[in-house]
Structures are given as structure tokens and as C-alpha cells.
Protein chains: 4
Amino acid sequence: MDYAHILQRIHRDIAPLLTQGRVADYIPELGKVPATHFGMALVFADGRSHCVGDAAVPFSIQSISKLFACTLAFQLLGEDLWQRVGREPSGNAFNSLVQLEIDHGIPRNPFVNAGALVVTDTLCSHYAHPSLAILDFLREISGVGDVNFNSAVAESEAGHGHRNAAMAHFIKSFGNLSTDVDAVLQTYFQHCSIEMSCVELARASLFVANHGVVPHSGKAILTPLATRRLNAILLTCGTYNAAGDFAFKVGLPAKSGVGGGIVAIVPGQLAICVWSPTLDEYGNSVAGVAALEHFSALTAHSVFQ
Amino acid sequence: MDYAHILQRIHRDIAPLLTQGRVADYIPELGKVPATHFGMALVFADGRSHCVGDAAVPFSIQSISKLFACTLAFQLLGEDLWQRVGREPSGNAFNSLVQLEIDHGIPRNPFVNAGALVVTDTLCSHYAHPSLAILDFLREISGVGDVNFNSAVAESEAGHGHRNAAMAHFIKSFGNLSTDVDAVLQTYFQHCSIEMSCVELARASLFVANHGVVPHSGKAILTPLATRRLNAILLTCGTYNAAGDFAFKVGLPAKSGVGGGIVAIVPGQLAICVWSPTLDEYGNSVAGVAALEHFSALTAHSVFQ
Amino acid sequence: MDYAHILQRIHRDIAPLLTQGRVADYIPELGKVPATHFGMALVFADGRSHCVGDAAVPFSIQSISKLFACTLAFQLLGEDLWQRVGREPSGNAFNSLVQLEIDHGIPRNPFVNAGALVVTDTLCSHYAHPSLAILDFLREISGVGDVNFNSAVAESEAGHGHRNAAMAHFIKSFGNLSTDVDAVLQTYFQHCSIEMSCVELARASLFVANHGVVPHSGKAILTPLATRRLNAILLTCGTYNAAGDFAFKVGLPAKSGVGGGIVAIVPGQLAICVWSPTLDEYGNSVAGVAALEHFSALTAHSVFQ
Amino acid sequence: MDYAHILQRIHRDIAPLLTQGRVADYIPELGKVPATHFGMALVFADGRSHCVGDAAVPFSIQSISKLFACTLAFQLLGEDLWQRVGREPSGNAFNSLVQLEIDHGIPRNPFVNAGALVVTDTLCSHYAHPSLAILDFLREISGVGDVNFNSAVAESEAGHGHRNAAMAHFIKSFGNLSTDVDAVLQTYFQHCSIEMSCVELARASLFVANHGVVPHSGKAILTPLATRRLNAILLTCGTYNAAGDFAFKVGLPAKSGVGGGIVAIVPGQLAICVWSPTLDEYGNSVAGVAALEHFSALTAHSVFQ
């Protein structure tokens, strides 16, 4: 299959969408990113890669960091992790507190904000410097040495993060947060502020497409079974309250972020990262979702065949 | 792979589970089924099949009929179907009315009861005898001539079906039911009362594993794209409010019923049906889920690799 | 106090409000009533009465019938009534099913639709002809011989009453409806369709202001304690999801209906009925609420002093 | 009426209830109070007073402080207060976040925790030392010079106050908190920790029964209209999610606290305070509610006649 040509065709076809949707502005720093960026990168387990547009431009990975934080916590705790966070789609907006109240402080899954706070808490319990541990992990699996936080974004989010603070205190009130609320929030805002490009993110995610093994180093991050399970959670919970629709249209495990990035996985074959800053009502990149739907249709890559 | 041996091993290993859970008794007729039945059938696209236990014993397919009703409606309406029913996991019990109120009468997906009532309504709009149309469809795709309703079960459910009646009237109050409420309910209870064995159900479901084509007749029921999409909905919504957990453990598109049956799909390869009457708190067969988890672990069949 | 003058002043002052709000049109027959009607009647326990505007024009009492149905049921069952229906404000719209699901089929109070259906069910259990029993009761307490149903309104509501049907079936599914769903609904729609004028309704309600005794006949309908309790429920639950606001502004026990009528009680002294067909977002008459607020301010009649 | 005798009779009759219910222990300091305390005080506008039992023993007023904080805010902001907090019963537990999410950060009323936090925020905006302002206000209206905080209780609650912190951050995220979250919480915990006896609390509340005027000083705290309105909110919202039931049984405006105290108002006549530490499932004192129901039955004091 001529992936270079397919990427060019997608780039051309999604152009009209780049002015649809809105750049996330609840974090003021994010609102400064120009709306018309678009980049897409494919990285195969065998080393090949293809990219198009702004695929080398770093952007704020935001909730995509939940994928990596969850992987670290799953490594550390194994199946015990699921005592503290569920594996079910939420049926509610990513920042809703309703379900948390109904479920007595057990978040529905690790990819809603509440779940990511619990995941972050497990890392705060384990590491002396949890933010650096995530950064080191990302550098290791991506093979990129200078992955970094954007302190301005982290501070901007902290300054407007009252809903996340509400969630953290709420979870703590149910006894499902072990460490200090402020420390968990600071770590959470930091790992959300990490900046990476499409190429770097696709590379970092490749172990999820490769049975848990980082191709360039041969290191096993997760067992094959755990990797399948991580993919299952990505498919059912990775794109907020639109996961069903995304599975219907794209058919691939994925994690999106309000920075406009989406990582998608073709199990056994490749990792994809697409980026475009304007978001739909669910918080997913408008052009990003369309690009992946197009990709799936053109290549027939889908877990459902 | 020695599937016959694998089925025997599963049969042996799940034996202790046959006394766990409870037979559904909100429909009195269903409560009469002995708890200790267990059957499992594998049917491959290439014609091979394997089975174990009570795989030839007919049972009440209940909500598994939603898969076939939805297929018929998807055939008839194409993508227009999704104007009237969503494609998102519900985050609530299968018979909850809360989400229906929030979403103004648009059910979250075709596999919760509310969604199946809307699907049934589309069939009632189209067919003079919608129940017979479903029966004919099942006979055609299974190649089994004597698939039938169980009138005692349909009447038993109608007599205790006030929650479904509540839903149908509620949906009607939002304008999302075109035909008569009583006719929709009667048709719904009838297609839920259909009785088939594991072997017959796996055979009837094989087109979902075969890109939309019935292998024994070569007839295309759905396009390959529509078939992938149907599999996506099965994976995210097919096992009630435990779909995330099921995807995590089993990793296959599936539809369960309170009669204790579960149909699962290995896209491109085979259809599986397992049956055991006792249910967990979510309404899924205890031994059935365990058998499929075991099957997935032993065979590595999963959409996530 | 010069009540005649006060009524004239209220009539003049509320004139600009008669074009605000909307006539209820979910029951098509109700939508035909001209918007600009306004009537108000005061009837004192000692026999005096005053009225203004269209106070002698019959209108559809709608939910005000819940006051009389509840009185009859309270007479019949005494405190046992509260096993089947609560006495708490709902915190939700009058026709919401959410709370009913949370509370397992026990309606929050007898003045939301769900509660009135349970109340109606108790009357259906007790009387061979429950609708006629309510009619007879109203004729007796009002002293008006020709109080009647409006069959066109009852049929109009039945034809558009799917939400009430949904509630009745839902309550039945929880086991909190003894008699036939259709019979309960028919009786409910009939007593809602009763037509009375402000003067007649104020007269019929006078026992609630008179320690439970009908002044013109001397007959005790409820004990003084039960009458105080009925007034308490009217104050906390009588004006749908605006009961707190109504208590704040008006300070009197009251029951409103979507026909635009409101009955209010000054315990120990008088009954008031005001009518104007256009409704606010909560289903209460815009001019009716304003007239009662004005009345309370001008006369200092309030239970809170 | 022989109020002294009535109080003795109540004291005797409620004795069996003193071992029912549970002392609040989510604030560890509160859990140390012996369960068997009981005190009751009546203070009349004309200066008479009666009391029984432990009516002179100071206890933690907890949520009863919401009555005084709300009065201060109502004084300061007048009707503008209701732009930021509603006047409707909540239909949910006192510490629920669900309704706050539905209503976009506007608490249902000033007597649920969320509403009291907004009220406290208005005081924090206005006063350099808001806690002292509340203390001064209580000293002034009670005529008691040494009303004080209990720092151990305030710190105990702060240390276990994650749910209140969650609410405050949640409200802040909707823009309905002007001042610093931590300052609001600290002030809130402090005014909840105030200790007063039944006699002192009844005296402090007497202006609510006296058209807004403090009898001993003649100072007008609120206008007569504002006082009626405050009584309305007390009746519909003052006893958590049991306000309807309390109005039904007792028929008086009231505010309860988890310290076991309840203040009740007979408008135009007297203020009552009852105290007993063990609570029912709604957070109201078991013996306190029973004593007030008994009092209302014996004296026929009720706003509903």
C-alpha cells in the first residue's frame, strides 16, 4: 500500500475542516495555538515511517499523556490497578462528577480526568519525582532525548484547574486518593503539559501496536495480554464520550487530547498520530477524527475485520 | 489449533461456575430453565464447526435477537438509522430510563432495550408482519427451517413487561416511535422469545464474521464497511453495562441475552455461541463470559492484536 | 381590609403580564383557550366572598384535581398513604422519570404526576367508579351541582399522554400500582379534565383553610391535624419545581395546574383561586403567581408571620 | 398554655429515642460528644423563656450557622443574593454534587453545603475578617458576649473536609466563587464550629420570629418581608432532604445541624432550640425532630393553621 500517497490525499481532503470546531481555550495557553495546523505520522513496527504536514511540530499532548501514565501504573500495579479505577466507558462528559458520586469515588476508566487523577496518585505513591518518571518513560519509549514539560501550560491549567481540583478532593473524600491532593494535581498538570510532535508520539506509542515491546530497544513494557487489554480500554474509553462513535467510524484503539492530538493503534502493525488543534463538542480534534476515518476507509485498517 | 480439545478444556474448567449467579426470573417462564446447562459452538467461515455440551439444545435467545433486528434495520435504513438511535455505550443498566430522559428519547445504542424498541419500530413501519420478517431472516441466515417463537415466553414477558412498556411510551412521548406502542411491544417480546441452539445461533451470526456475507448461500447481508461498523457497536455496546470489562477480558465483539446465551465474533474467521443460564449482576452469563475469556486466552483470538 | 379594592388593583397591575408566557399546548384542546383571561376569587370561611375578572368562567382544573384526589385518598387510607408516595419536594420537573428510578417507584409526593397516578390507583382500588367518586366529592365540597368532565380534553390528553403512560407502567414495574394501568390513566385524565370556575374552586378548597370542615355543610373532610399536614405538602410541593420560589414570594400553601389555575390557602381564614392561562417555564400561571405575590404583599397574608 | 409542663412531658416522652440514630462521626471531634444529651429551650418575643434538660450546655452549632451567615448575606446583598444561590429544596443529600453540575454551579438553596459556601464567599468579599463578623453578629443578636469558635472542631473538619473542598472548587470552576477557595473553606469551617447552648441559640434566632427585630435591643436585622422570606426558605430547605417530611410533621420553619441542634420558629411568637446528638439518615437529630413534632401536636403551634 502506498502510505505516502494516502497521507497526501488525506491532507488534501481534510483541508476544509481546519476552520471547523474551536481551539480549546479553557487553558488560556492552549488558546494561543493557530487553528490551521495539521500533521499526521505513521510509524510501523518494522521501522518504516511516513508523515505529512506539521508532523514534526511539537504540540501539547494533554490527555494523550493519560495513555503513558496508565501504562506506567499498569506496569507497577498489574491487575490491582483495577481495584481503584474501572474499565467502562463513562456515558458522561470527560469532566463530569456525577458518575463519580454514583460510583463512590471509583472513576469509570483511566482515561477520564477522574481516572487519570487516580492513576497519577499511584505514580505519586511510587516515585519520589513522579513527573520526571513520566518524562523519563516517554524519553525511553520514544527514543527522543529532549521531551519536556511546558511550564507555562502547566501553570495556566493549574490556575484554571478548579474542576480538576474538585474531582481530586471528591475522590479523596471517598478514600481513593493516597497522596496529597495538591501534589497529585501538580503532577497531573505537568504530564498533561508535555510537548511532542506527531512523529515522536507515534514512535512513543509503538509498543502498544507491538505486543508491548518497544521495537527500537526490544524492551518489553507490557505483556502481550496486558497490551491487548490496554488496547481494549483505548477502544472503549479513549475518545471521551464519543468512543462508540469513534469505534464505529474509525475502528481503532485511540487516545485523544484537547491539544488536538490523537494517537491510534493498528494492533500488530503500526501506530498513528494525527494533530489539528480545533475540537468538536466532545473534545476530539475535528480534522483528526476525519483523517483517521479516511485512513481507515482507504486502508481497511480496522480491528473489526 | 485443536479447537475440539480447547472446547473440552473450557467445558471442564468452567464447571465450578455453573452454580454461580442466578437464572433470570423477571420473566417467569425463563426461571424454569435448569441452571446447569452449558453449551458452546464454534462455526468457521470455511464451514468447519466444533461444539461441546448442550450446544444443540434450544434456549431463549432474548437480547441476542437485538443483533438480528438491528441488522435488518441497518439493511433497510442504512446510515439513516443513526438519526433515531445512537452508537455510544450507555453507562447505565440496560433498562434504565434516566439516559433516555437526558437524551430526549434517543436511545444510546441499538443494544439497550430502549434502542431495540426503536429498531423494532422501524421494522414495524416497514413490514406488514415484522415478527415473521425477523423469523424468516433468521431461518435464511442460519439455514435452519424451524426457528420459532416460544409463545409462552413472549406472553410471560408481556405480562411482566411494564418497564419495557414504560420505555416505549416514554420514547413515543419524545416522538421517536412511529408505530403503535402495543404493536412494537408485541413484536419486541416475540423476537426476544425466539429459541435457537448454540450451533444455530453461531451459524446465523456467521455473516458478521464474514464481511457481511452468509457463507452457505453467498448472500451479502451487509457491506464490508457496514459489517465492520456493526462489529464496532457489538464491541462497545453488546454486553450491557459491562461492555468495557468484556472488551478488556475477551476482546471480541459480542451480544449477550438474559436467556444466558452470548454470541461472539472473530472478524474474518468465525462466530462463537456459548450458553449457560445463570447470570451475573449485569445480566451476562457467568459461565459464558468465563468460557469466552478462557477461549480468548487459549487461542489468542482477540481484535486487539 | 377592603378586599374588593385589592382585587381591582391586582387586576389592573397584572394586565401587562397577560401576554407573557405560553398557553399549555401539549394537550391540544388546552391550547385553544384564549391567553388573555384573568379571574380571581376569594372565599372566606365565614361566607364572605369577592371576585374580579373572569372568576365565573369555567376552565380546565388539570393538576388542581390532584389536591382533591389526594384528599380523598388521605381520607381513605390515612397515614398508610405515605407508604406508597412520599412527602418531599422533587427537585425535578413535574413529569421527570429520573427520581422515580432512583426511588424505586415511590413518587416523591402526591402532587407530581407520578404521585397523582399512585393516588389515583388507590381510588381505583376502592371505588367501582373512581372518576364519578371524585366528581361527587367535588360537587359535595363546592356545593355546585353541575361540576363535570370535559371529555374532549380527557381524550385529547389520553391521545398525547405517552409520558404519563410511561410513568404508570414504570411505577407498575416497581409494584407500586395495584390496578390496571389503562384504568388508572383513564381515571387520571378524566379528573384532570374537570372544569370549574375560580369561584367554584375556591369554594371547593375552603375546607383546607377551615381545619378540614366544609363551612356550608359543617361536614369534616379531614381532621385538623391532617388538614395542617395537607397544607404542608401544598406549600412544599404544590407548585411543581418552583415550590421554594413560590413559598418565598407568596408564602401560602397552593396547588397549580397547567390550565392556568392556582388555588392558594390562608389557613384558618380563606381560600383563593386565580386563573390566567399563560404559563411560565415551570408550568405555573405567570399572571396567577404575580397576582398571589401581589395579594400577599398588599394583605400581609402569609403563613410566615 | 403551661409551656414548662409541656417541656417536661416532651423530655420524658423522648427518652427512649436518645439511644437511636448515630452521633455524626465524619468530623472526628464531633464523634466524642455523649449520645444521651437532650436540651430544649423556648424563648418568646415578649421576653419569657422556658427550658428543660441540657438547655444550657454548649454544643457545636454546625449547619445552624448557615441561618446566621445567610441572614448576614441577605442584609448585605438584598435580593441580589438570589442571583448566586437558589431558593428551591434540593431533592438530594446535603453534600451532593450532582445538582450543582446540572445547575452550572448555582446551589439550589443557601442551606445545602454548596449554598452556604457561596454565602460564605459573599461574606469573605465584604469583610476583612469574615469569621469574626459572624461571631460579632451572633454575640449581638444573642446578647451573649462569649460566643466562640471551637478550633479543634474547625481543624478536625478541615482535615476531613475534602467533599466541601470539592464543592468549593467545583463552584469556583463555574465562576460562582469570588474569593480564594481556601479562605472560603476556612471561614466556613470556623463558623460551623461555633458553640452555643439551646438557650443562646433560641435567643439568637428570636429576630426571625419577631418580624426581623431583635427584641432585647430593638434593632431591625431584616425587614418584615425579608423575614417572611427567610422563614419560607427555612421551611422548604432547612432540614436537608427531609424538609417536606419535617414540614408535614412539625409545620415550622427550622434549621438543623449535624451537631444535633435544631432551631425552629413560630412566626410572630417564639424561637425554639432543641438539641440531642444522635442523627437520623438525613442528618437531623432523632430526638430533636420527635420533640418538635410532639411540641407542635401539644401546642398546635404550626404555620399551617
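Below is a short write-up of the structure. (Residues numbered from 1 in each chain as written. Chains lettered and ligands numbered in written order. Predicted model: local features only at pLDDT ≥ 70, side-chain atom pairs only at ≥ 80, totals over all residues. Heavy atoms only, no water.)

### Points about a negative patch on the surface
A surface patch of negative charge is lined by D180 and D182 of chain A together with D180 and D182 of chain D. Assessed through its relative accessible area of 54%, D182 of chain A is described here as exposed. (Patch = residues over 30% accessible without salt bridge, like charges linked within 9 Å, V, L, I, M, F, W, Y side chains within 5 Å. Areas by Shrake-Rupley, 256 points an atom, 1.4 Å probe, with all protein chains shown as cover. Salt bridge = Lys/Arg side-chain N within 4 Å of Asp/Glu carboxyl O. Lys, Arg positive; Asp, Glu negative; His and termini not counted. Charge placed at Lys NZ, Arg CZ, Asp CG, Glu CD. Buried < 20%, exposed > 50% of the residue type's maximum accessible area, 1.4 Å probe, protein only.)

### Some details on the interface of chain B and chain A
If you look at the interface, chain B gives 35 residues, while chain A gives 36 residues. Note on chain B versus chain A: buried area summed over both sides is about 2900 Å², and carbon and sulfur give 58% of it. Its largest share of buried area at the contact with chain A, chain B owes to R228, F248 and F304 of chain B, together 29% of the area lost on that side. Applying the counting rule to chain B against chain A returns 4 salt bridges. One salt bridge connects R229 of chain A with E293 of chain B, and the closest N-O pair in it is separated by 3.3 Å. Counting across the chain B and chain A interface gives 16 residue pairs in polar contact (both at pLDDT 80 or more). Breaking the side of chain B that touches chain A down by element, the ones donating at least two residues are α11 (224–237), α12 (243–249) and α13 (286–299) of chain B. Looking at which element gives the most residues to the side of chain B that touches chain A, the answer is α11 of chain B, with 7 residues. Class assignment for the residues of the side of chain B that touches chain A results in 15 nonpolar, 11 polar and 9 charged. (Contact = heavy atoms within 4.5 Å. Buried area = accessible area lost by both parts, 1.4 Å probe. Polar contact = N/O pair within 3.5 Å; in protein donor to acceptor, adjacent residues only side chain to side chain. Helix = DSSP H or I, 4+ residues; strand = E, 2+ residues; numbered from the N terminus. Nonpolar A, V, L, I, M, F, W, Y, C, P; charged D, E, K, R; others polar.)

### Regarding the sheet that holds strand β2 (residues 39–44) of chain C
All names here are of chain C. Read from one edge to the other, the open sheet built from 5 strands follows the order β3-β2-β8-β7-β6, with strand pairing classed as antiparallel. Looking at strand neighbours, the two that pair on one side only are β3 (49–53) and β6 (254–256), the edges of this open sheet. Sheet twist, expressed as the mean angle between neighbouring strand axes with direction ignored, is 10 degrees. The pairing of strand β7 (residues 261–266) with strand β8 (residues 270–275) spans 6 bridges and is antiparallel. Within the sheet, the bridge partner assigned to V263 lies in β8 and is C273. (Pairing = 2+ DSSP bridges. Axes fitted to C-alpha atoms, helices over the stretch in contact; angles between N-to-C directions.)

### Some thoughts on the environment of I221 of chain B
All names here are of chain B. Mapped onto the elements of the fold, I221 is located in the loop between α10 (206–209) and α11. Classification of I221 by relative accessible area gives buried; the value is 6%. The residues contacting I221, other than those within four sequence positions of it, are T71, Q75, F137, E140, I141, F207, G212 and V214.

### Quick notes on the pattern of salt bridges
Within the structure shown, the criterion is met by 52 salt bridges over all chains. In this structure, the salt-bridge partner of D25 of chain D is R22 of chain D, at a minimum N-O distance of 2.6 Å. Residue classification places D25 of chain D among the partly exposed residues on the basis of a relative accessible area of 44%. Relative accessible area serves as the criterion here: at 56%, R22 of chain D is assigned to the exposed category. When the shortest N-O distance is used, the salt bridge between E79 of chain D and R87 of chain D registers 3.9 Å. The exposure class assigned to E79 of chain D is partly exposed, which follows from its relative accessible area of 40%. Within this structure, E79, R87 and R229 of chain A together with D245, K249 and E293 of chain B form a network of salt bridges that share partners.

### Considerations on the pairing of strand β7 (residues 261–266) of chain D
Residue and element names in this part refer to chain D. Extensive coverage of β7 is indicated by the burial of 6 of its 6 residues. Of the strand pairs in this sheet, strand β6 (residues 254–256) and β7 are connected by 3 bridges, and their pairing is antiparallel. Following the sheet pairing, S256 is matched in β7 by I262. Between β6 and β7, which pair antiparallel one after the other, the connecting turn spans 4 residues, and G260 there sits at a positive phi close to 100 degrees. Following β7, the chain reverses through 3 residues before pairing antiparallel with strand β8 (residues 270–275); G268 in that reversal takes a positive phi of roughly 85 degrees.

### Remarks on the relation of the copies chain B and chain A
Both copies of the chain are related through a single rotation about an axis accompanied by a shift along the same axis. Superposition record for chain B on chain A: RMSD 0.0 Å, screw rotation 180 degrees, translation along axis 0.0 Å. Overall, the copies show the geometry of a two-fold rotation axis. Taking the C-alpha atom as reference, chain B places G91 of chain B closest to the rotation axis, 2.3 Å from it. The overlap is high: 100% of the interface residues of chain B also sit at the interface in chain A, so the same surface is used on both sides. (Least-squares fit on C-alpha atoms with pLDDT ≥ 70 in both.)

### A few points about unusual backbone geometry
Even without being glycine, A300 of chain A reaches a positive phi, approximately 60 degrees. Examined against the element boundaries, A300 of chain A turns out to sit in the segment after α13 (286–299). We note that H104 of chain C has phi near 55 degrees; this positive angle belongs to a residue other than glycine. Along the chain, H104 of chain C turns up in the loop between α3 (98–102) and α4 (113–126).

### Considerations on the environment of T19 of chain B
The topology assignment puts T19 of chain B in the loop between α1 (3–14) and β1 (22–23). Taking the C-alpha atoms as reference points, T19 of chain B and A226 of chain B, 207 residues apart in sequence, are found 39 Å from one another.

### Brief notes about the packing of helix α2 (residues 65–77) of chain C against α4 of chain C
Residue and element names in this part refer to chain C. Look at α2 against α4: their axes get within 9 Å of each other, and the N-to-C directions meet at 50 degrees. One element, α2, and the other, α4, form an angle in the oblique class. The interaxial crossing formed by α2 with α4 has left-handed handedness. On α4, the residues that touch K66, A69, C70, L72, A73, L76 and L77 of α2 are N113, A116, V119, T122, L123 and H126. For the contact of α2 with α4, the residue count by class is 9 nonpolar, 3 polar and 1 charged. (Parallel < 35°, antiparallel > 145°, perpendicular 65-115°, else oblique. Left-handed = near helix turned anticlockwise from the far one by under 90°.)

### Observations regarding the sheet that holds β6 of chain D
All names here are of chain D. Strands sit in the order β3-β2-β8-β7-β6 across an open sheet of 5 strands; the sheet is antiparallel. The open sheet has two edge strands with one neighbour each: β3 (49–53) and β6. When strand polarity is set aside, the average angle formed by the axes of neighbouring strands in this sheet is 10 degrees. Of the strands in this sheet, β2 (39–44) and β3 are in contact with helix α1 (residues 3–13), which crosses β3 at around 20 degrees.

### Here's the deal with the interface of chain D and chain C
At the interface, 36 residues of chain D touch 36 residues of chain C. Here chain D packs against chain C, burying approximately 2900 Å² in sum over the two surfaces, 58% of which is carbon and sulfur. If you sort the residues of chain D by the area they bury against chain C, R228, F248 and F304 of chain D come out on top, with a joint share of 29%. Counting across the chain D and chain C interface gives 4 salt bridges. Here chain D and chain C share 16 residue pairs in polar contact (both at pLDDT 80 or more) between them. The set of elements that each furnish at least two residues to the side of chain D that touches chain C consists of α11 (224–237), α12 (243–249) and α13 (286–299) of chain D. Considering every element that reaches the side of chain D that touches chain C, the biggest residue donor is α11 of chain D, with 7 residues. Counted by class, the side of chain D that touches chain C contains 15 nonpolar, 12 polar and 9 charged residues.

### Considerations on the pairing of β3 of chain D
A regular strand places its side chains on the two faces of the sheet in alternate fashion. In the sheet, β2 of chain D pairs with β3 of chain D via 5 bridges, with the strands oriented antiparallel. Considered in β3 of chain D, the bridge of L42 of chain D is made with H50 of chain D.

### With respect to the packing of helix α2 (residues 65–77) of chain D against helix α5 (residues 130–142) of chain D
Residue and element names in this part refer to chain D. Two elements in contact, α2 and α5, have axes separated by 10 Å at closest approach and are oriented at 100 degrees. Taken together, α2 and α5 sit at an angle that is classed as roughly perpendicular. On α5, the residues that touch F68, T71 and L72 of α2 are A133, I134, F137, L138 and I141. Along the lines of polarity and charge, the residues of the contact of α2 with α5 split into 7 nonpolar, 1 polar and no charged.

Fair warning: the whole summary comes from geometry, so function is off the table for now.
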